[in-house]
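Working through the structure, step by step
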Amino acid sequence: MTLTHHTIAIQQVHGILMGVRHRGLDTAPLLARAGIATSLLESPLARISQRQYALLIRALRRELRDELWGLLSHPLPPGSFGQCMRRLVRCATLGEALREGFAWYHLLLKDFVPRLSVVDGSAHVQFVLRRASDARLDYAIKAFMLLAFNAFSWLVARRIPVLAVDYTAEHTITDISRVYQVPVRYGMPHVGISFEARWLDLPVVQSPQSLGEFLAGSPANLIVKYRDTSSLTERIRRLLRKRLGDELPSLEEVGEALAVTPQTLRRRLRDEGRGFQQIKDELRRDAAIEFLLHTPLPLLDIANRVGFSEASTFHRAFKQWTGVAPGEYRLVHGAER
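It should be emphasised that the depicted structure is a prediction, and the values quoted were computed from it without experimental measurement.

Helices and strands together make up the secondary structure of the chain, namely 17 helices and seven strands. Rg of the C-alpha trace for the chain: 21 Å, near the compact-globule value of 20 Å for 337 residues, within the 12% margin. Expressed as lengths along the three principal axes of its C-alpha atoms, the size of the chain is roughly 60 × 50 × 40 Å. Taking contacts inside the chain between residues at least 6 apart in sequence as the whole, the part at least 24 apart equals 66%.

This part covers the pairing of strand β3 (residues 112-119). Here β3 runs beside strand β4 (residues 122-129); their pairing, made up of eight bridges, is antiparallel. Residue pairing for β4: S117 is matched across the bridge by H124. The antiparallel hairpin formed by β3 and β4 contains two residues in its connecting segment, where D120 sits at a positive phi of about 50 degrees.

Hydrogen bonding along the main chain pairs the strands of a sheet, whether they run parallel or antiparallel. Taking strand neighbours across the sheet as the criterion, the five strands line up as β3-β4-β7-β5-β6 in an open arrangement whose pairing is mixed. Edge positions in the sheet fall to β3 and β6 (184-185), since each of these pairs with one other strand and no more. Across the face of the sheet, helix α6 (residues 94-108) comes into contact with β3, β4 and β7 (191-196) while running at roughly 155 degrees to β3. On the sheet, helix α7 (residues 135-156) packs against β3, β4, β5 (164-166) and β7 and is oriented at approximately 25 degrees with respect to β7.

Here helix α14 (residues 276-294) contains 19 residues, and its C-alpha end-to-end distance of 27 Å stays within 8% of the 27 Å for a straight helix at 1.5 Å per residue. Extensive coverage of α14 is indicated by the burial of 15 of its 19 residues.

The next thing to look at is the side chain of K280. Summarising the element assignment, K280 is placed in helix α14. Of the side chains with opposite charge, D281 lies nearest to the buried K280, which makes no salt bridge, at 6.9 Å.

Turning next to the nonpolar core. One finds L56 and I236 to be the most contacted residues of the largest nonpolar core, which totals 110 residues. At 14 residues, α7 tops the list of elements feeding residues into this core.

Bringing the pattern of salt bridges into the picture now. Pairs can form between side chains of opposite charge whenever their charged atoms are close. Counted under the stated rule, the structure contains 12 salt bridges. For D166, the salt bridge goes to R185, with nearest N and O atoms at 2.6 Å. Within this pair, whereas D166 is found in strand β5, its partner R185 is found in strand β6, the two being separated by 19 residues in sequence. Residue class for D166 comes out buried when judged on its relative accessible area of 10%. Assessed through its relative accessible area of 39%, R185 is described here as partly exposed. Three or more residues are tied together by salt bridges with common partners; here these are D111, R131, D134 and R136.

Okay, unusual backbone geometry next. Geometrically, the link from S218 to P219 is a cis peptide bond, its omega value of 10 degrees lying close to zero. For P219, the position within the fold is in the loop between α9 (208-216) and α10 (220-224). For R65, which is not glycine, the phi dihedral falls at a positive 55 degrees. Position of R65 among the secondary structure elements: in the loop between α4 (50-64) and α5 (80-88). Here the phi dihedral of A259 falls at roughly 60 degrees; this positive angle occurs in a residue that is not glycine.

Moving on to empty space enclosed by the protein. With the rule as written, the count across this model stands at one cavity of 30 Å³ or more. Considering the residues around the largest cavity, the lining is formed by L94, L98, F102, V125, F127, M145, A148, F149, F152, I160, I193 and F195. Taken together, the elements giving at least two residues each to the lining of the largest cavity come down to α6, β4, α7 and β7. Grouping the amino acids of the lining of the largest cavity by side-chain chemistry returns 12 nonpolar, no polar and no charged.

With that out of the way, let us pick up the packing of aromatic side chains. For the structure shown, the criterion picks out 12 aromatic pairs. Measuring from centroid to centroid gives 5.6 Å for F318 and Y329, while their planes differ by 85 degrees, and the two rings are edge-to-face. Of this pair, F318 sits in helix α16 (residues 311-322) while Y329 sits in helix α17 (residues 326-333), and the two are 11 residues apart along the sequence. Among the aromatic side chains, those forming a connected cluster through ring pairs are F308, F314, F318, W321 and Y329. Taking the ring centre of Y167 as reference, the NZ or CZ of K142 above it sits at 4.1 Å.

Procedures and definitions
Residues numbered from 1 in each chain as written. Predicted model: local features only at pLDDT ≥ 70, side-chain atom pairs only at ≥ 80, totals over all residues. Heavy atoms only, no water. Helix = DSSP H or I, 4+ residues; strand = E, 2+ residues; numbered from the N terminus. Rg over C-alpha atoms; globule rule 2.2 N^0.38 Å. Contact = heavy atoms within 4.5 Å. Pairing = 2+ DSSP bridges. Axes fitted to C-alpha atoms, helices over the stretch in contact; angles between N-to-C directions. Expected span 1.5 Å × (residues − 1). Buried < 20%, exposed > 50% of the residue type's maximum accessible area, 1.4 Å probe, protein only. Lys, Arg positive; Asp, Glu negative; His and termini not counted. Salt bridge = Lys/Arg side-chain N within 4 Å of Asp/Glu carboxyl O. Core = buried A, V, L, I, M, F, W, Y, C linked by side-chain atoms within 4.5 Å. 1 Å grid on protein atoms, 1.4 Å probe; cavity = no way out; pocket = protein on both sides within 12 Å on 5 of 7 lines; lining within 4 Å. Points joined across faces, edges and corners; volume = space filled by probe spheres on them. Nonpolar A, V, L, I, M, F, W, Y, C, P; charged D, E, K, R; others polar. Phe/Tyr/Trp six-rings, centres within 6.5 Å; stacked < 30°, edge-to-face > 60°. Lys NZ or Arg CZ within 6 Å of the ring centre and 35° of its normal.

Pasting the structure below:
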C-alpha cells in the first residue's frame, strides 16, 4: 500500500456546506453520498480523505446545479468550467490563458472578479469584491483561487512556484501553507496570489484531446494534481515515509540524507511555512487515516506501521491529531475493503 495521500481538514467541509445550509437544505444525504459521517462535523480536528472531499463537491454540484455550491448570490451554471477550459487549451501561453479565463468569469460572476496585474517582475492575481463580504463569499473566493491555480498549472504541465498568498482575514489555523508551500500573509486588502511574471510566458502544452480526460477526472485532480513534489517539505515527507514503521530519523539525519545543514533545513522549511515535527505528525496522521479507511488491520498493527510500539500511545496521539480515537474514526466511516 502506498501512503501518499494528504488528508483534508473538516473545516473545509464546514466551508463548502455553507451554501447548502444557507438555502435551508439537509446536509446529511449529501454527506452520506461522500461517505462522510455527520458526527465528524462535531470534531474540529477531524480529517477526511481527498476522495471523500471530491465526492462531496460532485454531490453539491449535482444537487444545487451550481459549480460554486450555493456560496454566491447567483449560481455558477454547470458546465462553466468545462467551457472555459475548452477556450484556454487553445491559448499560446499561461499569460494569455489567465487573461482569457478571467475575462470569461467576469461575465459569469456577480460577487467578485479575478484580476491579473504585473508589477516589477511579479504577477499578481487578486480577487476584487463586487459586494460586501461574508463567510460564504470568502470561502468561495479561496476555493476558486485554489481550483484556478491547479487548472492553470495543468495547462502548462507544471506547478507554478508561488511567491505569496494573501488573505483578508486575520490568522486562522488551516492547511493553506502546505497547499501553496509559502507562508500566508493575513489582513491584506484582497485575497490573492503572486508569482514571478516570467512564468506567464510558459507555453500551454495541453490540447482539446487531453482536456477530455482532465475534465473526466475533475474535481479530484483539481484538489491535488499539481502539488510540488520537488519542494523540501515533500522531499522530507517521502524520506520519512520510507522509515514510517521504524524510528523516524531526526532533523540532523534528514539533513545529512539531503546534504543540507540542520540550520539551512530549518530556514528553508520556515520559508515554506512548515516545521519538521509538524511534517512528521501529519505524515503519521495521514498514514493512519489511510489504514483505518482502506484496510481491516487491527489497531495495534496500524500503530506499529506508523511508528508506535503501543496501541495506547497511538490512541492518544491520533486523538490529539484528529479529535477522535482511531477506533471511533473507523467506526463512523466504516473500513473500505
